[in-house]
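Commentary on secondary and tertiary structure
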Amino acid sequence: MIMKQLINILTGSLFLFGMSSCEKDLPVYETPDCWLNFVYYSSYDGSVLGTEEVTDEMRYASYSFVYVGEEVEVDTVWFEVSTMGFVSDEDRPLELEQIQTGGNDAKADVHYVAFTNEELKAKYMIPARKTGTKIPVVVKRDPSLSNGDVTLQFTFKDNGYFKPGYDGLTTRTLSISSKLTKPSVWEESYCDYTFGLYGPKKHRLMIEWTGEKWDDEYIKELMDGDSAYVNYLADWFAQKLEEENAKREEAGEEPYKEEDGTPVSFEPKSWS
């Protein structure tokens, strides 16, 4: 009996010693490295999306000066970012850099204010004791935009304070235009399945008939809101188009068409 008790005590002591040893061997998170990611939210419940949930369409954003009037020459597009790593008691700068795509790339200080601009750099800052912020990209209405859109693709630059974070969350693409362009959230918000496939002429009619911008902000707020109203609006557009086309026919005009000759339609895309 005594021998059995001694064996149990010895076994327990060895177990505790082993646990103590394992605890000492656990790595301590001491790395000073910090990382940056762009933030994406679910259109369903507003939750933050992970790397595998973010699509190429979500990484794409568009801006058109057509929404703000002819008098606006400079405007700002905001992007939300978040940090990984330790929080600091001091403000920490971040840096952006352009990625050349080989296409019709935007030019610094022509189509957008250069990321190295001293006044703008003051805005590229993670505030003390914060894990995120919104950063501006300042776009410019250059006359060359009348010849077509330009693309600004950008990412985070390792500046000693922050490094690029997860693959898939570190690059954004912004289309800059002075014409009407497809809203970047059109597909993300499943507008094809409500208002039909996108078309510039249809887009312009939607703006004209409702008096709304039908840009990213408006579409996201609409599609995240009352679904009954969205369905009503889809039916209203279809009826409105039918009425307007009838008037055009009486006036000897063709029905509304896109530039490629495709008739404007509000027929929803099938889920199958």
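Residues numbered from 1 in each chain as written. Predicted model: local features only at pLDDT ≥ 70, side-chain atom pairs only at ≥ 80, totals over all residues. Heavy atoms only, no water.

A few words on the overall build of the protein chain. Each helix and strand in the protein chain was counted, giving seven helices and 10 strands. Taking all 272 residues of the protein chain together, the buried fraction comes to 36%. Looking at the protein chain alone, contacts between residues at least 24 apart form 75% of all its contacts between residues at least 6 apart. (Helix = DSSP H or I, 4+ residues; strand = E, 2+ residues; numbered from the N terminus. Buried < 20%, exposed > 50% of the residue type's maximum accessible area, 1.4 Å probe, protein only. Contact = heavy atoms within 4.5 Å.)

All right, on to the side chain of Thr 173 then. Looking at the element boundaries, Thr 173 is found in strand S10 (residues 171–177). Within the structure, Thr 173 has its side chain in polar contact with the side chain of Gln 153 (distance 3.0 Å). In contact with Thr 173, not counting residues within four places along its chain, are Arg 59, Tyr 60, Ala 61, Thr 151, Leu 152 and Gln 153. (Polar contact = N/O pair within 3.5 Å; in protein donor to acceptor, adjacent residues only side chain to side chain.)

Attention now goes to the confidence of the model for the protein chain. Model confidence for the protein chain is summarised by a mean pLDDT of 88, while 88% of its residues fall at 70 or above. A low-confidence stretch, residues 1–29 (pLDDT under 50), is modelled with three contacts involving residues beyond four sequence positions or located in other chains. (pLDDT = per-residue confidence, 0-100.)

With that out of the way, let us pick up the packing of aromatic side chains. Taken as a whole and judged by the stated rule, the model has 23 aromatic pairs. When the ring of Phe 38 is compared with that of Phe 79, the centres are 6.4 Å apart and the planes differ by 70 degrees; the resulting orientation is edge-to-face. In this pair, Phe 38 sits in strand S1 (residues 35–38) while Phe 79 sits in strand S3 (residues 74–84), placing the two residues 41 residues apart along the sequence. Overall, the relative accessible area of 3% leaves Phe 79 in the buried class. (Phe/Tyr/Trp six-rings, centres within 6.5 Å; stacked < 30°, edge-to-face > 60°.)

With that settled, consider a nonpolar patch on the surface. On the surface, Tyr 44, Tyr 190 and Trp 271 cluster together into a nonpolar patch covering about 440 Å² of accessible area. For Trp 271, the position within the fold is in the segment after helix H7 (227–250). For Trp 271, a relative accessible area of 63% corresponds to the exposed category. (Patch = residues over 30% accessible without salt bridge, like charges linked within 9 Å, V, L, I, M, F, W, Y side chains within 5 Å. Areas by Shrake-Rupley, 256 points an atom, 1.4 Å probe, with all protein chains shown as cover. Salt bridge = Lys/Arg side-chain N within 4 Å of Asp/Glu carboxyl O.)

Let's shift gears to the sheet that holds S1. Sheets are built from strands paired through backbone hydrogen bonds, the pairs being either parallel or antiparallel. The four strands are arranged S7-S3-S1-S9 in an open sheet whose pairing can be described as mixed. A strand with exactly one partner marks an edge of an open sheet, and here the two such strands are strand S7 (132–140) and strand S9 (163–164). Two strands pair when backbone bridges link them, and S1 and S3 are joined in this way by four bridges, in the antiparallel orientation. When the bridges of S3 are listed, Leu 36 appears paired with Thr 83. (Pairing = 2+ DSSP bridges.)

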